[in-house]
Amino acid sequence: EIVLTQSPTTMAASPGEKVTLTCLASSSVNYIYWYQQKSSASPKLLIYYTSSLASGVPDRFSGSGSGTSYSLTISSMEAEDAAIYYCLQLTSTPTFGAGTKLELK
Amino acid sequence: QIQLVQSGPELKKPGESVKISCKASGYTFTDYAMHWVKQAPGKGLKWMGWINTYTGKPTYADDFKGRFVFSLEASASTANLQISNLKNEDTATYFCARSVRGFDYWGQGVMVTVSS
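Procedures and definitions
- Residues numbered from 1 in each chain as written.
- Chains lettered and ligands numbered in written order.
- Predicted model: local features only at pLDDT ≥ 70, side-chain atom pairs only at ≥ 80, totals over all residues.
- Heavy atoms only, no water.
- Contact = heavy atoms within 4.5 Å.
- Salt bridge = Lys/Arg side-chain N within 4 Å of Asp/Glu carboxyl O.
- Polar contact = N/O pair within 3.5 Å; in protein donor to acceptor, adjacent residues only side chain to side chain.
- Helix = DSSP H or I, 4+ residues; strand = E, 2+ residues; numbered from the N terminus.
- Nonpolar A, V, L, I, M, F, W, Y, C, P; charged D, E, K, R; others polar.
- Phe/Tyr/Trp six-rings, centres within 6.5 Å; stacked < 30°, edge-to-face > 60°.
- Buried < 20%, exposed > 50% of the residue type's maximum accessible area, 1.4 Å probe, protein only.
- Pairing = 2+ DSSP bridges.

On the side of chain A, 15 residues touch chain B, which itself brings 15 residues to the contact. At the surface where chain B touches chain A, the tally comes to zero salt bridges. Summed over the shared surface of chain B and chain A, the number is four residue pairs in polar contact (both at pLDDT 80 or more). Taken together, the elements giving at least two residues each to the side of chain B that touches chain A come down to strand S4 (34-39), strand S5 (46-51) and strand S10 (103-106) of chain B. At three residues, the largest contribution of residues to the side of chain B that touches chain A is made by S10(B). For the side of chain B that touches chain A, the per-class residue count stands at six nonpolar, five polar and four charged.

If you want it as structure tokens, here you go:
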């Protein structure tokens, strides 16, 4: 099983601040997918195929990476971005990272 | 528009069974696989497995073999999850999710509470 390790576990950012979340895979993966989950709502797809923006997602979100190291960047933090972010790999048996909780400072 | 609408919350006793449904609309149901994801209270997301909506063949993650059954009512564009012999640790929200470029559309989730 490929283990995805997300960092940091929790962080706080001020409005307008640049935010970078990391997802490290225990083995090389083809792509990473990023999700945003608010409260008890269902997860929302933000990024697919590592760097493609899902429909309707603001372009302040971007993804990058390859092999075992991936990141999600928010270019300018907004209040509505406070949420938990998960990464997902589908290269082998699907696994999610444990999540990063992003709070508004 | 594409929607996955799941059934309502469930309160069950240990040892009982529960069946959760996920009704798809806005696309051809049999064109895309359906996955199931568990989220225990305050915890992260855990992949349970998936069902081929064309053939009906299910695949289960190791932790979900035995008491968990994925099924289809293809004529009704519905995927089902049945959990038997419920345990306290089955208390969670269960999501269905369509598999296209990742899991692109999700149901709203079904909260299953197991309590004596």
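Moving on, we come to the packing of aromatic side chains. Enumeration over the complete set of coordinates arrives at 13 aromatic pairs over all chains. Residues B:Phe64 and B:Phe68 carry aromatic rings whose centres are separated by 5.0 Å and whose planes lie at 80 degrees to one another, so their mutual orientation is edge-to-face. Its relative accessible area of 3% is what places B:Phe64 among the buried residues. Classification of B:Phe68 by relative accessible area gives buried; the value is 5%. Ring geometry for B:Phe95 against B:Trp106: centres 5.7 Å apart, planes inclined by 80 degrees, an arrangement best described as edge-to-face. Of this pair, B:Phe95 sits in strand S9 (residues 92-99) while B:Trp106 sits in strand S10, and the two are eleven residues apart along the sequence. Here B:Phe95 falls in the buried class, since its relative accessible area comes to 1%. What makes B:Trp106 buried here is its relative accessible area of 9%. Cluster of aromatic residues (ring-pair linked, three or more members): A:Tyr35, A:Phe96, B:Phe95, B:Phe103 and B:Trp106.

So, about the pairing of strand S8 (residues 78-83) of chain B. Residues and elements named next belong to chain B. Buried residues dominate S8, accounting for five of its six residues. As judged from the six bridges shared by strand S3 (residues 18-25) and S8, these two strands associate in the antiparallel manner. Its bridge partner lying in S8, Ser21 is registered against Asn80. Where strand S7 (residues 68-73) and S8 come together, six bridges link them in antiparallel fashion. Of the residues in S8, the one forming a bridge with Phe70 is Leu81. Between S7 and S8, which follow one another and run antiparallel, lie four residues, and Ser77 among them has a positive phi close to 50 degrees.

This part covers the side chain of A:Thr100. Residue and element names in this part refer to chain A. Following the sequence through the fold, Thr100 ends up in strand S11 (residues 100-104). In this structure Thr100 comes out as buried when scored by relative accessible area, which is 0%. At 2.6 Å, the side chain of Thr100 forms a polar contact with the backbone oxygen of Pro8.

Nothing here speaks to function; it is geometry throughout.
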